[in-house]
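Examining the three-dimensional arrangement
Each chain, written out:
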Amino acid sequence: MDPMYWLEEDELLRFFRRHKTEMSLMENPHTFLNQLRDHDLVPEDHYKKVSRMKSKDNIKKGLYEILDWLEKERSKSIKNFWRCVFRETIVNQYPTLRELRNSLMDGSFHFETQEPETVETEETDEGKRKDLSDDEEGEENQASSVKKKRKLRSEKSVCDDEEEQAGPSSCSSPRKKSKKISFSSPLKKGEKNDIWTWTMFKHQFPVTCGQKEGTLNRDRLAKGEKCIAVGKQWFTPNEFQRYAGRKSCKNWKWSIRCKDTSLGKLIKEGHLKAGNYKRGCKKAKKSLFPSGDVVTDEEGEEQPEQQPEASSDSGRKVFKVTCGALAGTLHKKRFASGTRGKSIRTETSWMSPEEFIKEASCPTDASWRKDIKYEGEPLSVLLEAKILRIHSLLCTCRHCKPDSTDLESQKNDDECSICKIEEEEGEELVVCDHCPRSFHQKCHLPHLEDTILGDDSLWMCTFCVFRTTREWLYWDELEREAAMSRQISQRMLQCQYLLLYLSSTDEEQIFASNPCLYLQNYSTVIKTPMWLGNIADKLQEQLYKTVGEFVSDVQLIFTNCASFNRDNAEYLAAGNRLKELFDGEMKNVFNISE
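Here is a short report on the structure shown in this document. (Residues numbered from 1 in each chain as written. Predicted model: local features only at pLDDT ≥ 70, side-chain atom pairs only at ≥ 80, totals over all residues. Heavy atoms only, no water.)

**Remarks on the state of the cysteines**
- For the coordinates displayed, the defined rule picks out zero disulfides.
- You can see Cys464 has no disulfide; the closest cysteine sulfur is in Cys435, sitting 3.5 Å from it. (Disulfide = S-S within 2.5 Å.)

**Regarding the packing of aromatic side chains**
- Taken as a whole and assessed by the stated rule, the structure comprises 20 aromatic pairs.
- Here Phe32 and Phe81 contribute two aromatic rings whose centre-to-centre distance is 6.3 Å and whose plane-to-plane angle is 85 degrees, an arrangement assigned as edge-to-face. With Phe32 in helix α3 (residues 30-38) and Phe81 in helix α6 (residues 78-85), the pair connects residues that are 49 residues apart, well separated along the chain.
- An aromatic cluster is present here, built from Phe15, Phe16, Phe32, Phe81, Trp82, Phe86 and Tyr94 joined pairwise through their rings.
- The cationic tip of Lys212 hangs over the ring face of Tyr243; the distance from NZ or CZ to the ring centre is 5.1 Å.
- When the ring centre of Phe463 is taken as origin, the NZ or CZ atom of Arg437, which lies over that ring, is 4.1 Å away. (Phe/Tyr/Trp six-rings, centres within 6.5 Å; stacked < 30°, edge-to-face > 60°. Helix = DSSP H or I, 4+ residues; strand = E, 2+ residues; numbered from the N terminus. Lys NZ or Arg CZ within 6 Å of the ring centre and 35° of its normal.)

**Topic: the sheet that holds strand β11 (residues 344-345)**
- Read from one edge to the other, the open sheet built from six strands follows the order β12-β11-β10-β9-β13-β14, with strand pairing classed as antiparallel. Both edges of this open sheet fall to β12 (350-351) and β14 (377-378), since each of them pairs with a single strand only. (Pairing = 2+ DSSP bridges.)

**Observations concerning the packing of helix α22 (residues 492-505) against helix α25 (residues 547-564)**
- Here α22 crosses α25 at 15 degrees, and the two axes come no closer than 11 Å. As far as their axial angle goes, α25 and α22 are roughly parallel. The interaxial crossing formed by α22 with α25 has left-handed handedness. When α22 is examined against α25, the residues Cys495, Leu498, Leu499 and Leu502 are found in contact with a partner set consisting of Val547, Phe550, Val554 and Phe558.
- Residue classes in the contact of α22 with α25 are distributed as eight nonpolar, no polar and no charged. (Axes fitted to C-alpha atoms, helices over the stretch in contact; angles between N-to-C directions. Parallel < 35°, antiparallel > 145°, perpendicular 65-115°, else oblique. Left-handed = near helix turned anticlockwise from the far one by under 90°. Contact = heavy atoms within 4.5 Å. Nonpolar A, V, L, I, M, F, W, Y, C, P; charged D, E, K, R; others polar.)

**With respect to the pairing of strand β2 (residues 212-217)**
- Here strand β1 (residues 204-209) pairs with β2 via six bridges, running antiparallel. In the strand pairing of β2, Gln204 is matched with Asn217.
- A loop of two residues connects β1 with β2, the two strands running antiparallel in sequence, and Gly210 in this loop sits at a positive phi of about 65 degrees.
- Note: β2 against strand β3 (residues 228-230), two bridges, orientation antiparallel. Its bridge partner being in β3, Leu216 is matched across the sheet by Ile228.

**Focus on the environment of Asn560**
- With respect to the helices and strands, Asn560 occurs in helix α25.
- Residue classification places Asn560 among the buried positions, given a relative accessible area of 6%.
- Spatially, the C-alpha atoms of Asn560 and Ile526 are 6.5 Å apart, while their sequence positions differ by 34 residues.
- Sequence-distant contacts of Asn560, defined by excluding residues within four places in its chain, comprise Tyr522, Ile526, Thr528, Pro529 and Met530. (Buried < 20%, exposed > 50% of the residue type's maximum accessible area, 1.4 Å probe, protein only.)

**Looking at the nonpolar core**
- Counting residues in hydrophobic clusters, the biggest one holds 52 residues, and the most contacted among them are Leu539, Phe550 and Phe590.
- Looking at this core, the elements that each hand over two or more residues are β15 (429-431), α20 (462-473), α21 (480-484), α22, α24 (532-540), α25 and α26 (569-589).
- At eight residues, the largest contribution of residues to this core is made by α22.
- Residues contacting Phe550, with those up to four places away along its chain left out, are Ile488, Cys495, Leu498, Leu499, Ile535, Leu539 and Tyr544.
- Core analysis: the second largest hydrophobic core is formed by 30 residues, Met26, Leu36, Ile59 and Val91 among them. (Core = buried A, V, L, I, M, F, W, Y, C linked by side-chain atoms within 4.5 Å.)

**Thoughts on unusual backbone geometry**
- Omega for the bond connecting Leu445 with Pro446 falls within 30 degrees of zero, at -5 degrees, which places this linkage in the cis form.
- Positionally, Pro446 belongs in the loop between β16 (438-440) and α20.
- The residue Asp40 is not glycine, and still its phi comes out positive at about 55 degrees.
- With respect to the helices, strands and loops of the structure, Asp40 is situated in the loop between α3 and α4 (44-51).
- The backbone phi angle of Lys420 is positive, close to 70 degrees, even though this residue is not glycine.
- Structurally, Lys420 can be placed in the loop between α19 (404-409) and β15.

What follows is the structure, given as structure tokens:
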């Protein structure tokens with residue numbers, strides 16, 4: 001993401017002014033100077049004068065003079081300056097520039113914007129002090145200081161109040177920052193999510209999809225309206241995805257990103273709310289559980305759920321819960337009470353809270369409110385915070401008074417186990433009759449034919465087929481080389497299972513699509529891109545001859561990830577984690593000896 005896309009020139013110029021000295025102290029700045037000259041940002045005589053210098057001290061002084069000249073004479077070119085010095089080839093050579101770019105990207109530079117306001121106020125009072133006599137100067141200075149502090153406090157309070165009501169343009173100071181940004185502490189390591197609460201993201205986000213950039217309006221997104229502006233044109237997320245040439249991508253929540261973070265992750269963590277962007281009615285082998293979040297009033301009528309703002313968990317939709325040794329995930333939209341609504345999903349089935357504690361072999365008189373834990377606290381904590389709401393005894397909704405179709409729907413997931421979305425234009429969810437999983441036809445391996453949708457016979461997904469047949473598939477322990485040399489036609493089930501396992505584990509769909517479509521400069525760094533969707537297509541079309549060819553493509557994803565993300569610890573860790581899971585599961589699947 002280019003920080004110049006949403007930052008104003010005065011912000012960039014102020015940032016430049018505060019870091020001139022740091023840039024002038026860079027070692028071997030000749031490449032830096034060449035870049036400035038190539039972009040016509042430094043006069044030829046200035047460039048030649050500094051480039052001829054031999055003394056390091058003189059070079060540093062000369063470079064500072066050039067930067068000072070740039071600030072005074074070329075201030076309108078400040079965006080061009082930062083764009084040209086933030087090129088990958090330049091920042092890789094100068095750690096100082098890399099740190100400055102990161103500061104602009106993560107927004108931490110905003111913590112430095114308070115001090116100049118005080119200095120400016122002191123300067124406005126200086127003229128008054130000069131006119132005072134020596135006898136009156138001390139007394140007047142003290143009074144001026146008190147008035148100045150009161151004035152600053154008053155102006156700040158008025159600006160903050162106006163900003164709450166009418167947005168940043170209400171403040172008399174054009175670039176005034178809200179109290180939350182100006183006075184909060186700088187980010188500490190591991191506190192990345194805090195940036196989404198900053199004022200710069202209060203109403204809108206800069207977003208990208210492929211090579212296209214736009215601005216996402218938070219309020220419009222929450223209402224399900226056209227929310228992404230490109231110039232004067234508005235798009236829905238799906239339209240913006242198609243505009244970016246990513247029509248084949250299955251989910252806009254993962255293909256549209258803000259600062260390298262997917263919208264899906266921001267929505268999942270509660271930083272964004274997304275309205276309903278359904279694109280038509282869908283059929284399924286069995287009708288699936290509805291996706292809308294509802295609660296009921298005392299008469300049993302469904303009402304839109306109101307999210308409490310005070311709790312950090314209020315935006316969550318899924319909670320990891322435990323009861324004794326049993327673990328599962330509680331889904332907020334399915335929750336009705338202890339006995340109604342199969343809201344807790346384990347590896348094998350969906351359960352109500354009371355069924356969950358019975359499965360965990362808790363005492364028969366146990367209370368699900370106390371014995372089911374979320375982050376070490378009883379579930380009653382979520383109920384007291386009104387994050388979870390128990391439906392009325394009179395409620396007649398499908399959670400509480402399900403008919404036979406609703407009961408069948410509660411047995412399976414509401415979203416595809418692979419791509420993590422509930423419905424997609426032209427796609428239909430097919431549910432497994434032996435486990436809780438659901439799939440789009442083309443997400444499952446092998447792909448599912450249309451005829452299965454109208455078939456009333458029981459259907460078993462590849463996960464279940466592999467689980468039930470693995471005991472008699474093969475059972476000699478193999479060396480790795482021997483396993484890799486096997487014909488894939490004889491081991492297709494194992495390979496299909498491995499890829500489905502890997503895809504379902506990649507919850508954020510980081511490795512699902514072609515990275516060249518949404519990562520700038522990816523193709524210049526990585527010469528042989530690979531992604532899970534490509535491997536799935538090759539498996540479906542039977543393009544692999546041996547197991548080794550399939551495994552080699554999977555490992556290529558992790559190798560590319562490590563090469564491209566050397567300076568990105570988050571994605572590097574995600575790739576390493578997925579690689580460890582794949583390596584471990586592959587040894588189990590093919591019975592490979594250590």
